[in-house]
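Residue strings, one per chain:
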Amino acid sequence: MTGNGSDSEPSALVIGGGLAGIAAAGRLAESGWRVTLLEARTSLGGRAFSFADRESGVELDNGQHVIVGACRNLMEFLERIGVSDLWHVQPRLNVDVYDRAGRGGKLYGLGGPAPAHLLAAFITYRHLSLGDKLRAVRGVIAAMRANRSAPEMETTSFYDWLRAHGQSERCIYNLWNVIIEGTLNDNIRDVSAAMGLMITQDGLLQGRREINIGHPLVPLGQAIGAPCEAYLHDLGVRTLLGCPAHAVEASADGRVQRVVAGGGREWSADVYVSAAPFWVLPGLIPDRLAEQAPFNSLTGLRASPIVNVHLEYDRPVMDGDFCYFLDNPLQWVFNTSRIRGSDPRRDGQLLAVSISAAWDHIDLPRAELADRIAEEMRAAFPRARQARLVRSIVVKQRNATFRCTPGAQRMRPGPVTASPNLFLAGEWTDTGWPSTMEGAIISGYNAAAAVMSRFGAAPGTAEEKSGRPMV
Ligand SMILES: Cc1cc2nc3c(=O)[nH]c(=O)nc-3n(C[C@H](O)[C@H](O)[C@H](O)COP(=O)(O)OP(=O)(O)OC[C@H]3O[C@@H](n4cnc5c(N)ncnc54)[C@H](O)[C@@H]3O)c2cc1C
């Protein structure tokens, strides 16, 4: 059996090198644990990754990743791994929103205390009538006062909650859905009121900074994957890439004994943290564990798809960094060239169309999807009609994020399991956040905190003197 160091020191084995596993491994290693991380793929970053396009060699993201000022743990993490300067956060919310007729409106954040900081966003926003603006203000005030932890919030959809609080269809689709569709990657009719209110209360209403939108300035592999590898390396974490865990073996009392990984190699440690996706984990653990809580609830979780279409034009067709299209399959369009600081007159212009809740697109043949999107681009961007589309690359992510449907919250376990030495991380665990990088980081920290709270000691701490950790 391949172990993780000497028998006298507590050790942790983390399965999965997405942000959750990285955060858990980092936190444990920073606290003195000897950590090994197994990642199935050949790079870190999990669902936030980039790849080199085969034809052009250009590094493309699997999907545009956006953050908001409210992602405090993520921002602190980016600082910690030394890449804050590779991410840009708007100094104030500023989003151009276009309707089908090409009319523009602006969501713009102001200074001042909440909810006054949102008022300018409504004033400059042309896609709501005066009546709808007043309704929106009433909706925001109701959301501010709502108790999102009340049981009925988990059984009601956010759409129904908004209707019950005087929001018109136009208000819902031209305002609330602009926020919800992207952040929860689902239709506003399908998400719980609890999660819709979470986005509103913790994202929109916390203050001016919290609503500012941010994004990486470089491909995700450079903004997350590679720096995370360096960060874990510096902490002494043994990171094994291309090393999928095949089975987690446990004794009759549920205590994990070892993990069987790629190449038949076996790894043992004092504690194990699974940061694998919720659809992978049940297949790794013994059936008798999978049948018990909390693992048996995971079959009730569902995922929703995101499709990204990267479009390279031979000349500039778009000006700003990003914009949103109402009632349009384009949804969000990001100006990758501008964001990355490349010169479109020399290199052509690379844009990314990011389609959330992509139920209507995920099963379309790629060529058909690319054609449809290119046509919508010509309708939306007059300069795209003259430009030559050099290439288009479709990236489909079927299991992009877990769904926050009514009732889903009950399926999300905390970090502690029925097994005394198996802990859970993953953005799908109970973090209070939807499927986001922020949620992934929180889940990793929660798992590390649970390990340390149960085991107490770690090498380098005062308790270490007592020897092996106590279960
Ligand atoms: C297209 C797209 C766009 C998104 N946009 C945003 C956004 O704008 N903002 C935002 O905050 N979030 C966004 N997300 C969501 C965000 O990427 C995820 O919520 C987050 O990265 C999940 O992190 P995680 O570590 O919990 O899970 P994952 O990233 O899925 O990590 C799990 C890891 O486990 C590994 N693994 C699986 N099986 C095994 C095994 N048997 N052995 C070892 N390793 C294994 C996987 O390879 C993976 O690396 C987006 C996601 C997608 C797909």
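Residues numbered from 1 in each chain as written. Predicted model: local features only at pLDDT ≥ 70, side-chain atom pairs only at ≥ 80, totals over all residues.

**Concerning the overall build of the chain**
A tally of regular secondary structure across the chain gives 14 helices and 20 strands. In summary, the chain has a C-alpha radius of gyration of 23 Å against a globular reference of 23 Å for 471 residues, a match within 12%. Counting only C-alpha atoms, the chain reaches 70 × 50 × 40 Å along its principal axes. Taken across its 471 residues, the chain has 49% of its residues classed as buried. Pairs at least 24 apart in sequence give 70% of the contacts found in the chain among residues at least 6 apart. (Helix = DSSP H or I, 4+ residues; strand = E, 2+ residues; numbered from the N terminus. Rg over C-alpha atoms; globule rule 2.2 N^0.38 Å. Buried ≥ 20, exposed ≤ 12 C-beta atoms within 10 Å, placed from the backbone. Contact = placed C-beta atoms within 7 Å.)

**Details of the packing of helix H4 (residues 130-145) against helix H6 (residues 169-184)**
Two numbers describe how H4 lies on H6: the axes approach to 10 Å, and their chain directions differ by 75°. By the angle class used here, H4 and H6 are roughly perpendicular. Contacts from Asp132, Arg135 and Ala136 of H4 reach H6 at Arg170, Cys171 and Leu175. Class assignment for the residues of the contact of H4 with H6 results in three nonpolar, no polar and three charged. (Axes fitted to C-alpha atoms, helices over the stretch in contact; angles between N-to-C directions. Parallel < 35°, antiparallel > 145°, perpendicular 65-115°, else oblique. Nonpolar A, V, L, I, M, F, W, Y, C, P; charged D, E, K, R; others polar.)

**Remarks on the sheet that holds strand E5 (residues 67-68)**
Neighbouring strands of a sheet are bound in pairs by backbone hydrogen bonds; such pairs are parallel or else antiparallel. Ordered in space as E5-E9-E6, the three strands form an open sheet in which the pairing is antiparallel. Either end of the sheet is taken by a strand with one partner, and the two such strands are E5 and strand E6 (87-89). Where E6 lies against strand E9 (residues 213-216), three bridges are found, and the strand directions are antiparallel. Note on E9: the bridge partner recorded for His88 is His215. (Pairing = 2+ DSSP bridges.)

**Focus on the site of the ligand**
In the region of the ligand, 37 residues are neighbours, and Gly16, Gly18, Gly46, Gly63 and Thr436 sit closest. Looking at the shell around the ligand, its residues break down into 19 nonpolar, 13 polar and five charged. Counting residues domain by domain, the shell around the ligand receives three or more from each of domain 1 (11-47 + 220-301 + 406-466) and domain 3 (303-402). (Near = placed C-beta within 6 Å. Domains from an automatic or database assignment.)

**Observations regarding the domain arrangement of the chain**
Domain parsing of the chain yields domain 1 (11-47 + 220-301 + 406-466), domain 2 (106-210) and domain 3 (303-402). For domain 1 and domain 2, the distance between their C-alpha centres works out to 34 Å. The interface is formed by seven residues belonging to domain 1 together with 11 residues belonging to domain 2.

**Some details on the confidence of the model for the chain**
Across the chain, the average pLDDT comes to 92, with 94% of residues at or above 70. Below a pLDDT of 50 lies the segment residues 1-8, which in the model reaches 15 contacts outside its immediate sequence neighbourhood of four places, other chains included. Confidence drops under a pLDDT of 50 for residues 459-471, and excluding neighbours within four residues, the segment shows 25 contacts in the predicted structure. (pLDDT = per-residue confidence, 0-100.)

**Here we look at the environment of Ala400**
Checked against the element boundaries, Ala400 lands in strand E19 (residues 389-402). Look at Ala400 and you get buried, because 21 C-beta atoms sit within 10 Å. Remark: the alpha-carbon pair of Ala400 and Ser274, spanning 126 residues in sequence, is separated by 19 Å. Beyond its immediate sequence surroundings of up to four residues, Ala400 is in contact with Arg47, Gly63, Asn185, Ala303, Ser304, Pro305 and Ile306.

**Digging into the packing of helix H1 (residues 19-30) against helix H14 (residues 437-455)**
Where H1 contacts H14, the two axes come as close as 7 Å, and the packing angle between them is 35°. The hand of the H1/H14 crossing is right-handed. In contact with Leu19, Ala20, Gly21, Ile22, Ala23, Ala24, Arg27 and Leu28 of H1, H14 contributes Met437, Ala440, Ile441, Ser443, Gly444, Tyr445, Ala447, Ala448 and Val451. A per-class count over the contact of H1 with H14 returns 13 nonpolar, three polar and one charged. (Left-handed = near helix turned anticlockwise from the far one by under 90°.)

**Considerations on the sheet that holds strand E13 (residues 266-267)**
The sheet built from three strands is open, its strands ordered E11-E12-E13 with antiparallel pairing. Strand pairing shows two members of the sheet lacking a second neighbour, strand E11 (245-250) and E13, which therefore form its edges. The pairing of strand E12 (residues 256-261) with E13 spans two bridges and is classified as antiparallel. Its bridge partner lying in E13, Val259 is registered against Trp267.

**Side note on the pairing of E12**
Pairing of E11 with E12, which is carried by five bridges, proceeds in the antiparallel orientation. Bridging across to E12, Ala245 finds its partner in Ala261. Hairpin geometry of E11 and E12 is characterised by an intervening segment of five residues between the two adjacent antiparallel strands and by a positive phi of about 90° at Gly254. Hairpin remark: E12 followed by E13, antiparallel, with four residues in the connecting loop; positive phi at Gly263, about 75°.

**Quick word on the nonpolar core**
Among the nonpolar cores identified, the biggest contains 138 residues, and Ala12, Val14, Ala24, Ala25, Val273 and Val451 are the most heavily contacted of them. The leading source of residues in this core is H14, at 11 residues. Every residue in contact with Val451, bar those within four places of it in the chain, is listed here: Ala12, Leu28, Val271, Val273 and Phe423. (Core = buried A, V, L, I, M, F, W, Y, C linked by C-beta atoms within 7 Å.)

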